[in-house]
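What follows is each chain in one-letter form.
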Amino acid sequence: MLTKFETKSNRVKGLSFHTQRPWILASLHSGVIQLWDYRMGTLIDRFDEHEGPVRGVHFHKTQPLFVSGGDDYKIKVWNYKTHKCLFTLLGHLDYIRTVQFHHEYPWIVSASDDQTIRIWNWQSRTCISVLTGHNHYVMCASFHPKDDLVVSASLDQTVRVWDIGALRKKTVSPADDLLRLSQMNADLFGGVDAIVKYVLEGHDRGVNWASFHPSLPLIVSGADDRQVKLWRMNETKAWEVDTLRGHMNNVSSVMFHAKQDIIVSNSEDKSIRVWDATKRTGLQTFRREHDRFWILAVHPEMNLLAAGHDSGMIVFKLERERSAFALSGESLFYTKDRFLRYYEFSTQRDSQVIPIRRPGTASLNQSPRTLSYSPTENAVLICSDLDGGSYELYIIPKDSIGRSDFVQEAKRGTGGSAVFIARNRFAVLEKSTNQVLVKNLKNEVVKKGTLPIPTDAIFYAGTGNLLCRSEDKVVIFDLQQRLVLGDLQTPFVRYVVWSNDMESVALLSKHTIIIASKKLVHQCTLHETIRVKSGAWDDNGVFIYTTLNHIKYCLPNGDSGIIRTLDVPIYITKVTGNIIFCLDRDGKNRIITIVATEYIFKLSLLRKKYDHVMSMIRNSQLCGQAMIAYLQQKGFPEVALHFVEDERIRFNLALESGNISVAVASATEINEKDQWYKLGVEALRQGNVGIVEFAYQQTKNFERLSFLYLITGNLEKLSKLMKIAEVKNNVMGQFHNALYLGDVKERVKILENAGHLPLAYITASVHGLHDVAERLASELGDNLPSLPEGKTPSLLMPPTPVMCGGDWPLLRVMKGIFEGGLENGAKGVVDDEEDADGVWGEELDVDVDGMQNGDVEAMLEDAEMADENDEDGGWGGLDLELPPELDTPKSSANVRSSVFVTPTLGMPVNQIWSQKSSLAAEQAAAGSFDTAMRLLHRQLGIKNFAPLRSMFLDLFTGSHSYLRALSSSPVVSLAIERGWSESASPNVRGPPALVYDFSQLEEKLKAGYKATTLGKFTEALRVFLSILHTIPLVVVESRREVDEVKELIIIVKEYVLGLQMELKRREMRADPTRQQELAAYFTHFNLQTPHLRLALLSAMGVCYKAKNLATACNFARRLLETNPTVESQAKTARQVIQAAERNMTDETKINYDFRNPFVICGATYVPIYRGQKDVSCPYCTARFVPGQEGNICTVCDLAVIGADASGLVCSPSQVR
């Protein structure tokens, strides 16, 4: 039994599945009816109008109705959409046991303890027939799925079959029906439209349930005599076929399965039993600890059953419906109906291959669970749950595909799961010992191994590797080396799906999908509310998966979405382009064509394939709020703008992307103060003075307009604004404008008119307006204010702006990345603007030469005309008689086009460099330090970036030049390109200029050699280390130069390690033995010949002084073999050999064996002899003892010892 859903509640007495939706009704002993969604596991609704237990409940096949009957003698018909009881049918005189809708007619059949069965018309809400004949409680009654029959079961120990053909004929002719209704009212029990066809006697106790077979003339019944009986009927008679014994208590419900040839029964003995309907034998029993079962329901369309018990209900399946399958290139092997089948994707040819199980062993849930295929050997492994877990191995003859007559005896074995791990080897899990057995195709064990975690299933993870699953963890285990390659904490994993290149894996749990790399490095996790069923990788690296009712996608960054909905669950086998190949629950191959546009579009955005994005925008029907929100969230509002019709969203997106022309058009459509304010802020940021002015005019924001005219030097308009303020009696605005203009007389006049005579007098006196000052003094009399002594007044004048009259040239704007491709969309926007009643033409007067906005009065006049009728009076209906020079000339509507609209910001050169290059040096030069560090970590295993910090900064500053423009403007940054020529296209960006090149390294190498020769080891080590630190950030052009760079790493590594060791030796004067060892090891480095001679001479001297004459003699001989050019070196060597030959012994034993080849550990300076295990630095290749794995390399001081790395990439030729 596969439990799909379980509830905890009061005793469940009635159940009914909805035919289309994943819903089930449960009626409880407490009087409540619950409506559950068994897929989501949620309670949708509850209905509680019945008093006392509700024993019967049933959904209508097509209408949004259900019927219920309870111990309150009432039958209620409900509409689940409106959550209301539509009406109640009264007539029964005792408890109602079951209710059921007819599949075709507007009828309800009900069975009751009043010993009658009633048929009701739910449209006319009347009882149309009463079936009498039982002489005890009628426990159930139901319509035949096709014929005009009703079956009923009663505690009078009989099952009755009723013929209601006459009732159907009357229903077809309504006049007769009306006549019959009047007859029935006269004599309630006199109706003859339903007659007993058969009475089935055979049970020894009361019968609790009887039901028809969905298609055959069979009836099954269950009774208090603990027996299940099978009956057959024909036109004239009915008879007992067989009795199924096994239940230990009253059988409460029994039904035929809708899809399979089986009978399901449940009982008060706390068990559900499954019987074979043809052999009439028990197949399986499911027991509960404490709960008696009361009711069964079978889904009419799907392989689902439900059972109600004392403390709730369960929805379950008897068998898995997923076919086991395995992919092999362009073909699929899968199991169906005891056969292995073969399906070819290209031709869609489906053929039977071999029978896979002996007929007659069919028991429930023993069907194949997994299938593994070895294409080279044409072998198939099939695992099932038979005998607690077993496998069968078949070798398919080459010519048997398409011929199903070939019968082969399989090689069998027991094991939790079995899977091919190599061409002719497969692994079998032995759960009891937690071991894996590797077997050959003869089914012989060739190897055994213990698994690293308690494992309950194994999956393929590449040749020789297994993915082991436990309850909360998966690990990848290398069977050959017995190493764990990776592990990951996960929910219980059900299925494992590898990508085509085996680089990524999807781990599917019940409600979770985890995407990880081939070494189980976590990439993203998706959570679903309903069950995940299957999945496959498409060609672009997108994971396509199915849930119970959707096909969905998951991008590499974890973004997911719905591709389409499903009517029935499917199991994806392969995804090619926009075609999904899948198996359905009947084991049939299906092809589903999907619209992949949405996820391909998002993937192109993610991978920065902007040309592809542009072509999709031009050619595809992409739309919807979700897509707009996605584009906005990912930082592409300018793209989202082309999908939007709603003006408010368009306005916000236009502001976000800096598209001021679209923003103006949308603001004009919306025409609200808030939008005009936001537009003004954005236009001001862009320096688009004309639009700033227009936005301020629309909101009548005179203070901001005044300040705008001040900073743009538009004194003429400022003076006009001052006159408007005077007309409006806005004294403060008038005074501000006079102050901005530097008009002293006007300021004095304003102060005098406002009654501030002392202030007016001081202003006139200070600014030298003596006539006015004298006049004001006479008016003030004794109240004359005193002026401060010893102060020199200065005229307060506004500064002259640097730029007068036009938009501010803030930046030289290139076309946006999507601009060229989206011009059609932009044209539409311009047309919309032009249609807006010439708004720009009427209210914004544009002086073409100076690009200045027109007089404000025109705007004010229009605004006042519009506001005169406002309830609140607006600004007040002032009739202004302004001087003639203030008349505003009307401009033509098309002048708007001469206003400069700032283009959207282009893509910075740094970004272009970053997108085009996969070389660390060029990423650093572009300022993408994160990307550069990621590349170096992936290619060379570098983790310690501290030594590279200054080089990153040098590369970045070296690839740019900086120009100072005006003193008030920012410094202009210019990108310097490598290999630039005048003939190059201005639109094609070359790679960045780099401050480090290979020739510099060669010069440094010579300097290092020289310092080594002179014995300046500290300086030499510093030079060699700087070469090692520079190489990852060098770019060369040809493959030959790449090889030279790699060779240089090896040379420099030898010197760095040797010099580090020599400096260490010099610190250890107190330990002569260790001194000799380090001197001896130094002679085994790959040094230049002069340096090797010096190393040998040094080692010879150290050993000779320590009386280790035999070792000193070995160094002397090696020195003479190099043919030293300095005679003194040769002479000393010969003398040492002579002295040693007299006494060829070593006084102290040192860890040095020159006969056995070795390398030196870069951290501990001990020899690692041939055959011993070691680990290496992925960058400088220095070798280390295994205990150093995971530490930073002591030689290069950059990479992690033993880390995985793909190798040095220092040339564009490697990338191509």
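- Under the annotation held in an unreviewed UniProt entry, the chain carries the name Coatomer subunit alpha and is attributed to Cardamine amara subsp. amara.
- Its UniProt record gives the chain a comment under Subunit (unreviewed entry), which states: "Oligomeric complex that consists of at least the alpha, beta, beta', gamma, delta, epsilon and zeta subunits."

1. Digging into the overall build of the chain
Here's step 1: Scanning the chain from N- to C-terminus turns up 31 helices and 63 strands.
Here's step 2: Within the chain, buried positions represent 52% of all 1216 residues.
Here's step 3: Total accessible area computed for the chain in this model is approximately 57300 Å², and 50% of it derives from carbon and sulfur atoms.

2. Side note on the pattern of salt bridges
Here's step 1: Counted under the stated rule, the structure contains 39 salt bridges.
Here's step 2: One salt bridge in this structure joins Glu 330 and Lys 574, with 3.5 Å as the shortest N-O distance. One end of the pair, Glu 330, is in the loop between strand S29 (325-328) and strand S30 (331-336); the other, Lys 574, is in strand S53 (residues 570-576), with 244 residues separating them in the sequence.
Here's step 3: Relative accessible area serves as the criterion here: at 46%, Glu 330 is assigned to the partly exposed category.
Here's step 4: Arg 978 is the partner of Glu 1037 in a salt bridge, and the nearest nitrogen-oxygen pair spans 3.9 Å. Of this pair, Glu 1037 sits in the loop between helix H25 (1017-1030) and helix H26 (1039-1067) while Arg 978 sits in the loop between strand S59 (972-975) and helix H24 (998-1013), placing them 59 residues apart in sequence.
Here's step 5: Residue classification places Arg 978 among the partly exposed positions, given a relative accessible area of 24%.

3. What to know about the sheet that holds strand S41 (residues 457-460)
Sheet strands pair via backbone hydrogen bonds, and the direction of the pair is either parallel or antiparallel.
Here's step 1: The strand order across the open sheet built from four strands is S41-S42-S43-S44, with neighbouring strands paired in antiparallel fashion. What marks the edges here is a single partner per strand, and that holds for S41 and strand S44 (483-489). Across the sheet, the mean angle from the axis of one strand to that of its neighbour is 25°, orientation sign disregarded.
Here's step 2: One ladder, built from six bridges, connects strand S43 (residues 473-478) with S44; its direction is antiparallel. Within S44, the residue paired with Phe 477 across the bridge is Val 484.

4. Quick notes on unusual backbone geometry
Here's step 1: Located in the positive-phi region is Gln 157, a residue other than glycine, with phi close to 75°.
Here's step 2: You can see Gln 157 is positioned in the loop between strand S15 (149-154) and strand S16 (158-163).
Here's step 3: Its identity as a non-glycine residue notwithstanding, Asn 1123 has a phi of 50°, on the positive side.
Here's step 4: Locating Asn 1123 in the fold gives a position in the loop between helix H29 (1109-1121) and helix H30 (1127-1142).
Here's step 5: Look at Asn 1123 and you get exposed, because its relative accessible area is 58%.

5. Side note on the packing of aromatic side chains
Here's step 1: Under the counting rule described, the total for this entry stands at 33 aromatic pairs.
Here's step 2: Site record: aromatic cluster; members linked through ring pairs are Trp 23, Phe 47, Phe 59, Phe 66, Trp 78 and Tyr 80.
Here's step 3: Of note, Lys 13 hangs over the ring of Trp 294, and the distance from its end group to the ring centre comes to 4.0 Å.
Here's step 4: The positively charged end of Lys 237 is found above the aromatic ring belonging to Trp 239, 5.4 Å away from the centroid.

6. What about a nonpolar patch on the surface?
Here's step 1: A cluster of nonpolar residues, Leu 963, Val 972 and Leu 974, forms a patch on the protein surface that exposes about 230 Å² of accessible area.
Here's step 2: By secondary structure assignment, the location of Leu 974 is in strand S59.
Here's step 3: A relative accessible area of 38% places Leu 974 in the partly exposed class.

7. Examining the side chain of His 18
Here's step 1: Along the chain, His 18 turns up in the loop between strand S2 (12-17) and strand S3 (23-28).
Here's step 2: Residue classification places His 18 among the buried positions, given a relative accessible area of 4%.
Here's step 3: Among residues more than four places away in sequence, those in contact with His 18 are Trp 23, Phe 59, Tyr 80 and His 299.

8. Some remarks on helix H15 (residues 757-766)
Here's step 1: For H15, the set of buried residues is Ala 760, Tyr 761, Thr 763, Ala 764 and Ser 765.
Here's step 2: Two residues or fewer after H15 comes Gly 768, characterised by a positive phi angle close to 80°.

9. As for the packing of H29 against H30
Here's step 1: Contact geometry for H29 and H30: axes closest at 9 Å, N-to-C directions at 145°. In the crossing of H29 with H30, the sense of the turn from one axis to the other is left-handed. Note on element contacts: H30 touches H29 through Gln 1129, Ala 1130, Ala 1133, Arg 1134, Val 1136, Ile 1137, Ala 1139, Ala 1140 and Glu 1141, opposite Leu 1109, Ala 1112, Cys 1113, Ala 1116, Arg 1117, Leu 1119 and Leu 1120.
Here's step 2: Residue composition of the contact of H29 with H30, by class: 12 nonpolar, one polar and three charged.

10. Quick notes on the sheet that holds strand S20 (residues 227-233)
Here's step 1: With antiparallel pairing, four strands are arranged side by side in an open sheet as S18-S19-S20-S21. Of all strands in the sheet, those bounded by a partner on one side alone are strand S18 (207-212) and strand S21 (238-245). In this sheet, neighbouring strand axes are inclined to one another by 20° on average, regardless of whether the strands run parallel or antiparallel.
Here's step 2: As judged from the five bridges shared by S18 and strand S19 (residues 218-223), these two strands associate in the antiparallel manner. Considered in S19, the bridge of Ala 210 is made with Ser 221.

11. Describing the pairing of strand S54 (residues 579-584)
Where a strand is regular, its side chains alternate between the two sheet faces.
Here's step 1: By the criterion of burial, S54 is predominantly enclosed, with five of the six residues buried.
Here's step 2: With six bridges connecting them, S53 and S54 associate as antiparallel partners. From the neighbouring strand, Ile 570 faces S54, where its bridge partner is Asp 584.
Here's step 3: In this structure, S54 lies alongside strand S55 (residues 589-593), joined through five bridges in antiparallel fashion. By the bridge assignment for S55, Leu 583 is matched with Asn 589.
Here's step 4: Here S54 folds back onto S55 in antiparallel fashion, the turn holding four residues, of which Gly 587 has a positive phi close to 75°.

12. A closer look at the side chain of Asp 71
Here's step 1: Mapping Asp 71 onto the fold places it in the loop between strand S7 (65-70) and strand S8 (74-79).
Here's step 2: One polar contact links Asp 71 to Arg 55, side chain to side chain, over a distance of 2.6 Å.
Here's step 3: Look past the residues within four positions of Asp 71 in its chain and what remains in contact with it is Glu 51, Pro 53, Arg 55 and Tyr 95.

13. Brief notes about the pairing of S2
Here's step 1: S2 sits mainly inside the fold: six of its six residues count as buried.
Here's step 2: The pairing of S2 with S3 spans five bridges and is classified as antiparallel. Each bridged residue has a counterpart across the sheet, and for Val 12 the counterpart in S3 is Leu 28.
Here's step 3: Where S2 hands over to S3, the hairpin turn is made up of five residues, counted between the paired strands.

14. Focus: the environment of Cys 140
Here's step 1: Mapped onto the elements, Cys 140 comes out in strand S14 (residues 138-143).
Here's step 2: Separated by 30 residues in the primary sequence, Cys 140 and Ser 110 have C-alpha atoms spaced 7.8 Å apart.
Here's step 3: Residues contacting Cys 140, with those up to four places away along its chain left out, are Thr 98, Ala 111, Val 151, Ser 152, Ala 153, Asn 208, Trp 209 and Ala 210.

15. Considering the nonpolar core
The nonpolar side chains of soluble globular proteins are, as a tendency, buried together.
Here's step 1: Core analysis: the largest hydrophobic core is formed by 91 residues, its most contacted members being Phe 1024, Tyr 1179 and Cys 1180.
Here's step 2: Ranked by the residues each element gives to this core, the list is headed by H26, at 10 residues.
Here's step 3: Setting aside anything within four residues of it in sequence, one finds Cys 1180 in contact with Leu 1028, Ile 1049, Lys 1053, Cys 1193, Val 1195 and Cys 1196.
Here's step 4: Formed by 44 residues, the second largest nonpolar core is a distinct cluster that contains Ala 26, Leu 28, Leu 244 and Leu 304.

16. Here's the deal with the packing of helix H27 (residues 1072-1082) against helix H28 (residues 1089-1105)
In helix packing, the relevant descriptors are the interaxial angle and the interaxial distance, both defined with respect to the helix axes.
Here's step 1: Running from amino to carboxyl end, H27 crosses H28 at an angle of 155°, the nearest separation of the two axes being 8 Å. As summarised for this structure, H27 and H28 are arranged roughly antiparallel, according to the angle between their axes. For the crossing formed where H27 meets H28, the hand is left-handed. Note on element contacts: H28 touches H27 through Ala 1095, Ala 1099, Val 1102 and Cys 1103, opposite Gln 1075, Gln 1076, Ala 1079, Ala 1080 and Phe 1082.

17. Observations regarding the environment of Ser 252
Here's step 1: Looking at where Ser 252 falls in the secondary structure, it is placed in strand S22 (residues 251-256).
Here's step 2: The class for Ser 252 is buried, based on a relative accessible area of 7%.
Here's step 3: Excluding residues within four positions of it along the chain, Ser 252 makes contact with Asn 208, Trp 209, Asn 266, Ser 267, Glu 268, Phe 293 and Trp 294.
Here's step 4: Within the structure, Ser 252 has its side chain in polar contact with the backbone oxygen of Phe 293 (distance 2.8 Å).

18. Concerning the environment of His 83
Here's step 1: Mapping His 83 onto the fold places it in the loop between S8 and strand S9 (84-90).
Here's step 2: Residues His 83 and Leu 65 lie 18 residues apart in sequence; the distance between their C-alpha atoms is 10.0 Å.
Here's step 3: Dropping the residues within four chain positions of it, His 83 is found in contact with Asp 45 and Phe 47.
Here's step 4: A distance of 2.3 Å separates the side chain of His 83 from the side chain of Asp 45, its partner in a polar contact.
Here's step 5: Here the side chain of His 83 touches Tyr 80 through a polar contact of 3.5 Å, landing on its backbone oxygen.

Conventions used here
Residues numbered from 1 in each chain as written. Predicted model: local features only at pLDDT ≥ 70, side-chain atom pairs only at ≥ 80, totals over all residues. Heavy atoms only, no water. UniProt positions renumbered as here; feature names shortened; annotations may be inferred. Helix = DSSP H or I, 4+ residues; strand = E, 2+ residues; numbered from the N terminus. Buried < 20%, exposed > 50% of the residue type's maximum accessible area, 1.4 Å probe, protein only. Areas by Shrake-Rupley, 256 points an atom, 1.4 Å probe, with all protein chains shown as cover. Salt bridge = Lys/Arg side-chain N within 4 Å of Asp/Glu carboxyl O. Pairing = 2+ DSSP bridges. Axes fitted to C-alpha atoms, helices over the stretch in contact; angles between N-to-C directions. Phe/Tyr/Trp six-rings, centres within 6.5 Å; stacked < 30°, edge-to-face > 60°. Lys NZ or Arg CZ within 6 Å of the ring centre and 35° of its normal. Patch = residues over 30% accessible without salt bridge, like charges linked within 9 Å, V, L, I, M, F, W, Y side chains within 5 Å. Contact = heavy atoms within 4.5 Å. Left-handed = near helix turned anticlockwise from the far one by under 90°. Nonpolar A, V, L, I, M, F, W, Y, C, P; charged D, E, K, R; others polar. Polar contact = N/O pair within 3.5 Å; in protein donor to acceptor, adjacent residues only side chain to side chain. Core = buried A, V, L, I, M, F, W, Y, C linked by side-chain atoms within 4.5 Å. Parallel < 35°, antiparallel > 145°, perpendicular 65-115°, else oblique.

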